[in-house]
Amino acid sequence: MKLPKTRELKEAMAAVIKGPYTAKFPEVPHRPHPNFRGQPEFDDEKCVGCLACEEVCPVGAIAHKDITDGKEGPKRIMIHYTDVCIFCGQCEAACIADHEGIKRSKDWELSFFDRKEEALEAIDKELQLCEICGSPIACKGHLRWISEKIGELAYSTPTLYLPRLRSLGIIDENIVGALKDKGRSDRVKILCARCRRETTLTTS
Ligand code: SF4
Ligand code: SF4
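Everything numeric here is computed off the predicted structure, so don't read it as measured data.

### Focus on the domain arrangement of the protein chain
Thought 1: Assigned domains within the protein chain: domain 1 (37-128) and domain 2 (130-204).
Thought 2: With centres defined by C-alpha atoms, the gap from domain 1 to domain 2 works out at 28 Å.
Thought 3: Looking at the side of domain 1 that touches domain 2 element by element, the count peaks at four residues for strand β5 (residues 120-129).
Thought 4: In the side of domain 1 that touches domain 2, the residues fall into four nonpolar, three polar and four charged.

Put into structure tokens, the structure is as follows:
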């Protein structure tokens, strides 16, 4: 019979006195170290849907889907795939919303019954479409964010000042309809770069 080594005997004695080394997970939740860098989570209130986090993510754990013909209106779905994420924190570092649109948490749990359905987190943001061609321009919150950042310079283009004035309730759609000339009134709309160029260069 093979006798146990002294080290094994010591460990067995210590385990009898102090309890086992292994944790009773999942009955007893594991509490990570205070400095533990866990998976990031979106903050629906703070995120403006700018896609900077998607750009910098080294493993493609962040993606988006633009829905332009949904019943609830145009929206951008921001998706974080938790099973792909390596918890590096680059998304938080690049987040334009004061690093708060997506933030690292202490969450580390990565076991799922249905990986395809459960290993992701998603939030919806309102999407602004071009008022002529209908192509997505940016999220409404992102346009407001840019407009606030650049201050009075936002009044150089209706694409930036209209969302702001509409959100403040200062103007509504009627101001556009009040202009009789079709070509000129098109300029006072929220437009993508191509339609802005066409209406500016081709209407008199
Ligand atoms: S923590 Fe790193 S890997 Fe995970 S989503 Fe953010 S940038 Fe991507
Ligand atoms: S606001 Fe932050 S979290 Fe939201 S899309 Fe931009 S970078 Fe990502």
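### Some words on the site of ligand 1
Thought 1: Every one of the 13 residues lining ligand 1 counts as a neighbour, but C57, C85, C88, Q90 and C91 are closest to it.
Thought 2: In terms of residue class, the shell around ligand 1 is built from ten nonpolar, three polar and no charged.

### As for the sheet that holds strand β6 (residues 136-139)
Thought 1: With antiparallel pairing, the four strands of this open sheet are ordered in space as β2-β3-β5-β6. With one partner strand each, in any of the chains shown, β2 (62-67) and β6 form the two edges of the open sheet. Neighbour to neighbour, the strand axes of the sheet diverge by 35° on average, direction disregarded.
Thought 2: Taken together, the six bridges between β2 and strand β3 (residues 75-81) define a ladder with antiparallel strand orientation. Bridge pairing in β3 links I62 to H80.

Here is what the cut-offs are and how they apply
Residues numbered from 1 in each chain as written. Chains lettered and ligands numbered in written order. Predicted model: local features only at pLDDT ≥ 70, side-chain atom pairs only at ≥ 80, totals over all residues. Domains from an automatic or database assignment. Helix = DSSP H or I, 4+ residues; strand = E, 2+ residues; numbered from the N terminus. Nonpolar A, V, L, I, M, F, W, Y, C, P; charged D, E, K, R; others polar. Near = placed C-beta within 6 Å. Pairing = 2+ DSSP bridges. Axes fitted to C-alpha atoms, helices over the stretch in contact; angles between N-to-C directions.

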